[in-house]
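These are the residues of each chain, in order.
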Amino acid sequence: MRVMGIVLLIFGVLAGVAPAGVNWTKVWLEPNTVVMDSPGSSIPYRVKGIAGGKHLADLTHNPSMEISSSDESVIAIDRASHRLLAKSAGHAEIRVSFGDRGSVSEATVDSR
């Protein structure tokens, strides 16, 4: 009986890991449009995806998820805290990808 419990525990842990090779139909950043008040501010981000057309998953903590800023001098990405960091006023694109799917979000830092 103990072996069955261990097997179920392992299966449960593995079921929570979303592999990049699954048939992902959509991947996106939340918030989709990023507007930050001023340099020095930060906001949390989430990366979500849909696998197989039905299963919604939070990919934020998945090591296979990629996220980048087109201009790190405007908006930097802190992967450890899952935050977008406003560095200077301007515009940048935030790109997220997982497997063969991805998206691009517009990002703005105001100069207030």
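Before reading further, recall that the structure is shown in the block above.
Residues numbered from 1 in each chain as written. Predicted model: local features only at pLDDT ≥ 70, side-chain atom pairs only at ≥ 80, totals over all residues. Heavy atoms only, no water.

**Considering the overall build of the chain**
Helix and strand counts for the chain stand at 1 helix and 10 strands. Each helix and strand of the chain, placed in order from N terminus to C terminus, yields the pattern α-β-β-β-β-β-β-β-β-β-β. The buried share among the 112 residues of the chain stands at 31%. When contacts within the chain are restricted to residue pairs at least 6 apart in sequence, those whose partners lie at least 24 apart make up 51%. Looking at the chain as shown, the accessible area adds up to about 6700 Å², and 58% of this sits on carbon and sulfur atoms. (Helix = DSSP H or I, 4+ residues; strand = E, 2+ residues; numbered from the N terminus. Buried < 20%, exposed > 50% of the residue type's maximum accessible area, 1.4 Å probe, protein only. Contact = heavy atoms within 4.5 Å. Areas by Shrake-Rupley, 256 points an atom, 1.4 Å probe, with all protein chains shown as cover.)

**Details of the nonpolar core**
Judged by nonpolar contacts, the single largest core of 23 residues is most densely connected at Leu29, Tyr45, Val47, Leu59, Ile67 and Ile75. Contributing elements (two or more residues each) for this core: β1 (24–30), β2 (34–36), β4 (46–51), β7 (75–78), β8 (83–86), β9 (90–98) and β10 (101–109). No other element matches the 4 residues that β9 contributes to this core. (Core = buried A, V, L, I, M, F, W, Y, C linked by side-chain atoms within 4.5 Å.)

**Some thoughts on unusual backbone geometry**
In this chain, Glu30 is followed by Pro31 through a cis amide linkage whose omega measures 5°. Within the secondary structure, Pro31 is located in the loop between β1 and β2.

**What about the packing of aromatic side chains?**
Counted under the stated rule, the structure contains 1 aromatic pair. Measuring from ring centre to ring centre gives 5.0 Å for Trp24 and Phe98, while their planes differ by 85°; the resulting arrangement is edge-to-face. Of this pair, Trp24 sits in strand β1 while Phe98 is found in strand β9, placing the two residues 74 residues apart along the sequence. Take Trp24 and Phe98: they sit in the same class, and that class is buried. Cation over ring: Lys26 sits above Trp28, and NZ or CZ is 5.4 Å from the ring centre. (Phe/Tyr/Trp six-rings, centres within 6.5 Å; stacked < 30°, edge-to-face > 60°. Lys NZ or Arg CZ within 6 Å of the ring centre and 35° of its normal.)

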